[in-house]
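Below, each chain spelled out in residue letters.
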Amino acid sequence: MKIKPFLKLEQMLLLEIILTDNPDIIPFWNQWYQTVDIESIEPETYYLLPLVYHRLSQNKIKTEEDSRLKGIYRRTWYNNQLHLENIKRILESLNQVNILPIILGDVAMAQFYYPELATRHIFSYELFILPDQINSSIEIFKKLGWKLDDENFTKRKNIYSKIRMINEQNDCLIISWDIPIVRNLMTNEEQFLSLTEEIVINNNKAYILNPMANMLSIVFKNTLSHYTYLSRFTLDLAQILIKNHQQINPSNLQ
């Protein structure tokens, strides 16, 4: 897949800062800074800035926007801390009835793949829960203050593979009971365990997909969305590869 032709120049320059092995990243910053109006950058570019600040800080580089970048970084960290508190409460309630979900999406990426929590925005919470645990899980979520975004779900649940719930803060919780890209590889407990890794968040147990399965899931999800969030998608795959390049082997899915 050719990524560059579909990325905007401003995003490509930031990705160069983040991902290049060359420590001389100031030319990329200068070109980016001369290209954009930082007061009105679009969201997908804005979401790259915490990781840009992290890379600049690693290289002890100060820019004319250092205070602004530091503020964005700290705000992302603070917001993500609030999101993790929500996830901890959810996991605690699920664990009490022996439900161990697979954590997908933003939370899995921010918590387990990016260099620091502040370097990856959490936009929503995504959980995979076994089909026979869905109804009891929904009741748990309702007690925690979450509401079904589609009240007709109970009438049409046989045609759903996921549902969306929201809370008073308008946070989004997506619950799925099907991961299409690895569907046929999770037919028994042994295969399930081979595609996941057990994790612990604040003494609460859950799973995440292993690196290869996670990459396949991300690719499939972004294909369905026609790569609307291409820069985010590119970084997610890159972070998985950076952290797990020695473990990732296609033969693990055979």
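Values in this document were obtained by computation on a predicted structure and should not be read as measured data.

Conventions adopted
Residues numbered from 1 in each chain as written. Predicted model: local features only at pLDDT ≥ 70, side-chain atom pairs only at ≥ 80, totals over all residues. Heavy atoms only, no water. Helix = DSSP H or I, 4+ residues; strand = E, 2+ residues; numbered from the N terminus. Buried < 20%, exposed > 50% of the residue type's maximum accessible area, 1.4 Å probe, protein only. Polar contact = N/O pair within 3.5 Å; in protein donor to acceptor, adjacent residues only side chain to side chain. 1 Å grid on protein atoms, 1.4 Å probe; cavity = no way out; pocket = protein on both sides within 12 Å on 5 of 7 lines; lining within 4 Å. Points joined across faces, edges and corners; volume = space filled by probe spheres on them. Nonpolar A, V, L, I, M, F, W, Y, C, P; charged D, E, K, R; others polar. Patch = residues over 30% accessible without salt bridge, like charges linked within 9 Å, V, L, I, M, F, W, Y side chains within 5 Å. Areas by Shrake-Rupley, 256 points an atom, 1.4 Å probe, with all protein chains shown as cover. Salt bridge = Lys/Arg side-chain N within 4 Å of Asp/Glu carboxyl O. pLDDT = per-residue confidence, 0-100. Contact = heavy atoms within 4.5 Å. Core = buried A, V, L, I, M, F, W, Y, C linked by side-chain atoms within 4.5 Å. Axes fitted to C-alpha atoms, helices over the stretch in contact; angles between N-to-C directions. Parallel < 35°, antiparallel > 145°, perpendicular 65-115°, else oblique. Left-handed = near helix turned anticlockwise from the far one by under 90°. Phe/Tyr/Trp six-rings, centres within 6.5 Å; stacked < 30°, edge-to-face > 60°. Lys NZ or Arg CZ within 6 Å of the ring centre and 35° of its normal.

## Things to note about the environment of Glu 126
So, point 1. With respect to the element layout, Glu 126 can be found in strand β2 (residues 125–128).
So, point 2. Overall, the relative accessible area of 9% leaves Glu 126 in the buried class.
So, point 3. Through-space distance from the C-alpha of Glu 126 to that of Arg 164 is 9.2 Å; in sequence the pair is 38 residues apart.
So, point 4. A distance of 2.6 Å separates polar atoms of two side chains, one belonging to Glu 126 and the other to Lys 221.

## Focus on empty space enclosed by the protein
In this approach a probe as big as a water molecule rolls over the atoms, and the regions it shows empty are the leftover space.
So, point 1. A full pass over the atoms with the stated rule returns two cavities of 30 Å³ or more.
So, point 2. Taken as a whole, the largest cavity encloses approximately 90 Å³ of empty space.
So, point 3. Residue lining of the largest cavity: Glu 44, Tyr 47, Leu 48, Tyr 114, Thr 119, Arg 120, His 121, Phe 123, Ser 231, Arg 232 and Leu 235, and that is the complete set.
So, point 4. Looking at the lining of the largest cavity element by element, the count peaks at three residues for helix α11 (residues 230–244).
So, point 5. Residues belonging to the lining of the largest cavity are distributed by class as follows: five nonpolar, three polar and three charged.
So, point 6. Counted as a void, the second largest cavity has a volume near 30 Å³.

## Quick word on a nonpolar patch on the surface
So, point 1. On the surface, Trp 77, Tyr 78 and Leu 82 cluster together into a nonpolar patch covering about 340 Å² of accessible area.
So, point 2. On the secondary structure map, Leu 82 appears in helix α5 (residues 66–95).
So, point 3. We classify Leu 82 as partly exposed; its relative accessible area is 43%.

## Some remarks on the confidence of the model for the chain
So, point 1. The share of residues in the chain with pLDDT of 70 or more is 83%, and the mean pLDDT across the chain is 86.
So, point 2. Contacts from residues 1–5, a stretch scored under 50 in pLDDT, to residues over four places away or in other chains number seven contacts.

## Some points on the nonpolar core
Within soluble globular proteins, side chains that are nonpolar tend to cluster in buried spots.
So, point 1. Counting 64 residues, the largest nonpolar core has Trp 32, Ile 103, Phe 141 and Leu 173 as the members making the most contacts within it.
So, point 2. At eight residues, α5 tops the list of elements feeding residues into this core.
So, point 3. Look past the residues within four positions of Phe 141 in its chain and what remains in contact with it is Ile 90, Leu 94, Leu 127, Ile 129, Trp 146, Met 165, Leu 173 and Ile 175.
So, point 4. Core analysis: the next-biggest nonpolar cluster, separate from the first, contains eight residues, Phe 128, Ile 179, Leu 209 and Ala 213 among them.

## Here we look at the packing of helix α1 (residues 9–19) against helix α2 (residues 26–35)
So, point 1. Two elements in contact, α1 and α2, have axes whose closest approach is 9 Å; the angle formed by their N-to-C orientations is 155°. Taken together, α1 and α2 sit at an angle that is classed as roughly antiparallel. Considering only the axes of α1 and α2, their crossing is left-handed. Two secondary-structure elements touch here, α1 through Leu 9, Glu 10, Leu 13, Leu 14, Glu 16 and Ile 17 and α2 through Phe 28, Trp 29, Gln 31, Trp 32 and Thr 35.

## Structural notes on the packing of aromatic side chains
So, point 1. As enumerated under the stated definition, the model contains six aromatic pairs in all.
So, point 2. When the centroid spacing of 6.0 Å and the interplanar angle of 75° are considered together, the rings of Tyr 46 and Tyr 47 count as edge-to-face.
So, point 3. Given a relative accessible area of 24%, Tyr 46 falls into the partly exposed group.
So, point 4. For Tyr 47, a relative accessible area of 26% corresponds to the partly exposed category.
So, point 5. Through successive ring pairs, a cluster of aromatic residues spans Trp 29, Trp 32 and Tyr 33.
So, point 6. Residue placement shows Arg 232 over the ring face of Phe 123; its charged tip is 4.0 Å from the ring centre.

## A short note on the environment of Ala 206
So, point 1. Here Ala 206 is to be found in strand β7 (residues 204–209).
So, point 2. Residues Ala 206 and Asn 95, 111 residues apart in the sequence, show an inter-C-alpha distance of 8.4 Å.

## Structural notes on helix α4 (residues 49–58)
So, point 1. Across the 10 residues that make up α4, a large majority, eight, are buried.
So, point 2. All of the buried residues in α4 are Leu 49, Pro 50, Leu 51, Val 52, Tyr 53, His 54, Arg 55 and Leu 56.
So, point 3. Packing partners of the buried residues in α4 comprise α1, α2, α3 (43–46), α5 and α11.
So, point 4. One or two steps after α4, the chain reaches Lys 60, where phi turns positive at roughly 55°.

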